[in-house]
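Next come the chains, spelled out residue by residue.
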Amino acid sequence: GGTGLVGSTGVAGATGFTGATGATGFTGSTGTTGSTGLIGATGVAGSTGFTGATGVTGSTGSTGSTGLIGATGVAGNTGTVGSNGSTGNTGNAGSTGITGATGASGATGATGATGTVGSVNYVNNNGTTGSATLTGTSLSVNFPTVVSGVTTTANNATPSATYSSASGALTINFPTAGTSAANSFQWVLGVNNAGSQDFYNPVFSGQSGTSYSPNGAVSDAATSPIACTLQGFQVSGQNDMAQNVALAANTMVWSVYRNGTATSLSCSVAIPAGGSSFCTSSATQAIFAGDRISFVEVSDTNSNPFDAMQIRVACQ
């Protein structure tokens, strides 16, 4: 007969043991790339990392070339004039200018009168009669101890000095003009216990005037017989026990006066108690024949001591 109908499926039998793995099959070809998936949500930001160490400074680059000078801008408007500034400090004095050329010499002046005396040396307190001796070009005159006046004459050839005990006057005759090569002399005065502000005649010992007398009193000034320059002023003194006066220090200022006016010839001598000292002045003073010269004790610090003084000045 014909095939009967398929019977119903029977109950599945128990699974059999897995068979051995078969060999890997060949890799199939790559499939088509799928579409891009959606962007995932942004993750949380990570913490900032540590700062790295500073890198080494690079070398300086070469200086670029100077750019071209730009065009000059338009000048601005003139500003308002400012107020005057304060006066500046006085500048330092300029250096001394160059000395100008020496001017032309003036005309020669008229010849002066012929001189009347040569070199004269006065000495005080040498006897009771005056005398004068000419040795070469030097005239030495010895004055008496005290005289009341001096008369001088010139051009009498032979020098002499005559003292009148009756009148106390001393007459000096100077040598003839031109017999001496030099016109100079020296005044030397010795005085004891001088008084402050007293005027002394340089050739009279022990006589003085308390002020200058322009009428020619012999006690306060001597008349210069020649024109010369006073110089070499010197004052020396000794403090002693004369007249039972106690020893004491004293400082005196002495000056040379010309016609009653002080000259620059002045010095201060500090005499210690029982001692001696001296002072000098390097100053000079031009005088003329006929000028009246005085030695003046300008001041002292002690009027009581007994001081033996000697004052001298040269006329050259």
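A brief look at the structure comes next.

With respect to the overall build of the chain
Then, in step 1: Within the chain, the regular secondary structure consists of zero helices and 17 strands.
Then, in step 2: Considering the chain as a whole, with its 316 residues, one finds that 27% of them fall into the buried category.
Then, in step 3: In the chain, the proportion of contacts linking residues at least 24 apart, taken out of those at least 6 apart, comes to 63%.
Then, in step 4: If you sum the accessible surface of the chain, you get close to 20700 Å²; carbon and sulfur atoms cover 52% of it.

Observations regarding the pattern of salt bridges
Then, in step 1: For the coordinates displayed, the defined rule picks out one salt bridge.
Then, in step 2: One salt bridge in this structure joins R258 and D291, with 2.7 Å as the shortest N-O distance. A residue pair is termed long-range when its members are at least 10 positions apart, and R258 in strand β12 (residues 250-258) and D291 in the loop between β15 (285-287) and β16 (292-300) qualify at 33 residues.

Side note on the packing of aromatic side chains
Two descriptors summarise a pair of aromatic rings, namely the distance from one centre to the other and the angle between the planes of the rings.
Then, in step 1: Throughout the structure, instances matching the rule amount to three aromatic pairs.
Then, in step 2: Note on F199 and Y257: the rings are 5.1 Å apart at their centroids and 75° apart in plane angle, and the pair reads as edge-to-face. Taken as a pair, F199 in strand β8 (residues 199-200) and Y257 in strand β12 lie far apart in primary sequence, 58 residues in all. Y257 shares its class with F199; the two are buried.
Then, in step 3: Their ring planes at 50° and their centres at 6.2 Å tell us that F233 and F295 sit as a pair that is tilted. One end of the pair, F233, is in strand β11 (residues 228-240); the other, F295, is in strand β16, and 62 residues separate them in sequence.
Then, in step 4: Look at F233 and you get buried, because its relative accessible area is 1%.

Regarding unusual backbone geometry
Then, in step 1: Look at N259: it is not a glycine, yet its phi comes out positive at around 55°.
Then, in step 2: Looking at the secondary structure, you find N259 in the loop between β12 and β13 (261-271).

Parameters at a glance
Residues numbered from 1 in each chain as written. Predicted model: local features only at pLDDT ≥ 70, side-chain atom pairs only at ≥ 80, totals over all residues. Heavy atoms only, no water. Helix = DSSP H or I, 4+ residues; strand = E, 2+ residues; numbered from the N terminus. Buried < 20%, exposed > 50% of the residue type's maximum accessible area, 1.4 Å probe, protein only. Contact = heavy atoms within 4.5 Å. Areas by Shrake-Rupley, 256 points an atom, 1.4 Å probe, with all protein chains shown as cover. Salt bridge = Lys/Arg side-chain N within 4 Å of Asp/Glu carboxyl O. Phe/Tyr/Trp six-rings, centres within 6.5 Å; stacked < 30°, edge-to-face > 60°.

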